[in-house]
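Here is what each chain is made of, one letter per residue.
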Amino acid sequence: MASLSELLPAEAIRLGVPAADWRAAVRAAGELLVDSGTSTDEYTAEMIRNVEEHGPYIVVAPGFAFAHARPSPAVLRTGMSWVRLAEPVTFGHETNDPVTLVVALAAQDSGAHTAAMASLARLLGDPATESSLRDAPTPEALHQVLEQQTGGTEGEGGAAAGTEGESGAAAGTEAVGVKAAGAAVQKILTVCGNGVGTSLFLKNTLEKVLDRWGWDKNITVEATDTISAKGKASEAVAILTSREIARTLGDVGIPVKVVEDFTSTTEVDKTLRDTYDV
């Protein structure tokens, strides 16, 4: 499975990019995918239509938009691009605007990039690494940070990133562990418009919290799209998603919990506690 630094070469990174609005920002990221032979111009148009149809749910954390669309013939191979904007733009997100970073993903299927998504979520959830990425002066320097952070330090970096909400999680570990002991396996769905992008960010963060609680053996997490989620809701105990996707889903017969920052273990910890009343 390809690593983050392999899917995101230095040639697909641009810094200080001017953009008049969010469409121009997504288009700039799409142009890098085209230039690298990852996708066609049609895929760039599909990424823009995705936001027009589903809203700014791709703004998964403060200042960060993860542009993507469904796998389609417009994707020539799985790859990514990285655009740091010269000036921030607004997507219309209630809490995470304005955006200064747009990362685009073109995926041929729903599985080849999952490890890279987990790495990216971990890196952006770690304040020190996020600062290094934000301040990198050149595409080559930024790519070097990606290589250093994903080259055999996965466990160490994941632990560091997880410290954000660790004290809160630890405070309830004993009670949570008692409640989970011997419980049947349950499922939580993380949902986005296409099931291949932002839902994987949230899945990674949720699994990190479940592992810290000791619930990872009792609860499975599945990333999926809005259409599939409605059919799979009967198999799950809850859905975690963005505010925009929650509106699209409506009443599906199980709790639908809104998460604003998909990289925040603290927020997901609180959401999980609310879901299970612990």
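Calculation criteria
Residues numbered from 1 in each chain as written. Predicted model: local features only at pLDDT ≥ 70, side-chain atom pairs only at ≥ 80, totals over all residues. Heavy atoms only, no water. Helix = DSSP H or I, 4+ residues; strand = E, 2+ residues; numbered from the N terminus. Buried < 20%, exposed > 50% of the residue type's maximum accessible area, 1.4 Å probe, protein only. Contact = heavy atoms within 4.5 Å. Areas by Shrake-Rupley, 256 points an atom, 1.4 Å probe, with all protein chains shown as cover. Pairing = 2+ DSSP bridges. Axes fitted to C-alpha atoms, helices over the stretch in contact; angles between N-to-C directions. Core = buried A, V, L, I, M, F, W, Y, C linked by side-chain atoms within 4.5 Å. Salt bridge = Lys/Arg side-chain N within 4 Å of Asp/Glu carboxyl O. Phe/Tyr/Trp six-rings, centres within 6.5 Å; stacked < 30°, edge-to-face > 60°.

## A few points about the overall build of the chain
Phase 1: For the chain, the count of helices and strands is 13 helices and nine strands.
Phase 2: Residue burial in the chain is summarised as follows: out of 278 residues, 55% are buried.
Phase 3: When contacts within the chain are restricted to residue pairs at least 6 apart in sequence, those whose partners lie at least 24 apart make up 73%.
Phase 4: Here the chain has roughly 11,200 Å² of accessible surface; of this, 50% comes from carbon and sulfur atoms.

## Observations concerning the sheet that holds strand β2 (residues 59–61)
Phase 1: The strand order across the open sheet built from five strands is β1-β4-β5-β3-β2, with neighbouring strands paired in mixed fashion. The open sheet is flanked by β1 (13–17) and β2, the only strands paired with a single partner. Sheet twist, expressed as the average angle between the axes of neighbouring strands with direction ignored, equals 25°.
Phase 2: Bridge count for β2 against strand β3 (residues 64–67) is two bridges, and the pairing is antiparallel. Paired with Ala61 across the bridge in β3 is Phe64.

## Here we look at the sheet that holds strand β7 (residues 219–225)
Phase 1: With parallel pairing, four strands are arranged side by side in an open sheet as β7-β6-β8-β9. A strand with exactly one partner marks an edge of an open sheet, and here the two such strands are β7 and β9 (256–258). With direction set aside, neighbouring strand axes in the sheet form an average angle of 25°.
Phase 2: Pairing between strand β6 (residues 186–192) and β7: seven bridges, direction parallel. Bridging from a neighbouring strand, Ile188 pairs with Val221 of β7.
Phase 3: Together, β6, β7 and β8 (238–241) form the strand contacts of helix α10 (residues 198–213), whose direction differs from that of β7 by roughly 170°.

## Observations concerning the pairing of strand β4 (residues 79–89)
On a regular strand, each side chain points to the face opposite its neighbour's, so the side chains alternate between the two faces of the sheet.
Phase 1: The element β4 is extensively covered by neighbouring structure, given that eight of its eleven residues are classed as buried.
Phase 2: As paired elements, β1 and β4 share four bridges and run parallel to each other. Bridging from a neighbouring strand, Ile13 pairs with Trp82 of β4.
Phase 3: When β4 meets strand β5 (residues 99–106), the two strands line up antiparallel, connected through seven bridges.

## Here we look at the nonpolar core
Phase 1: By size, the foremost hydrophobic cluster in this structure holds 44 residues, and its most contacted members are Phe64, Phe66, Met80, Trp82 and Leu120.
Phase 2: Broken down by element, this core gets its largest block of residues, seven residues, from α10.

## Digging into the pattern of salt bridges
Phase 1: What the rule picks out here adds up to 15 salt bridges.
Phase 2: Arg243 is the salt-bridge partner of Glu94, the closest N and O atoms lying 3.5 Å from each other. Remark: Arg243 occurs in helix α12 (residues 243–249) and Glu94 occurs in the loop between β4 and β5; sequence separation between them is 149 residues.
Phase 3: The class of Glu94 is exposed, set by a relative accessible area of 52%.
Phase 4: A residue is classified by how much of its surface remains accessible, and Arg243, at 29% relative accessible area, is partly exposed.
Phase 5: Sharing partners across several salt bridges, the network here consists of Glu94, Arg243, Arg247 and Glu260.

## Remarks on the packing of aromatic side chains
Phase 1: On inspection of all chains with the given rule, the structure shows six aromatic pairs.
Phase 2: Ring centres 5.8 Å apart and planes at 35° place the aromatic pair Trp22 and Phe91 in the tilted group. On the criterion of sequence distance, the pair formed by Trp22 in helix α2 (residues 22–35) and Phe91 in the loop between β4 and β5 is long-range, its members being 69 residues apart. This pair shows no difference in class: Trp22 is buried, exactly as Phe91 is.
Phase 3: Judged by centre distance (6.4 Å) and plane angle (55°), the ring pair of Phe64 and Phe66 falls under tilted. Each of the two residues, Phe64 as well as Phe66, counts as buried.

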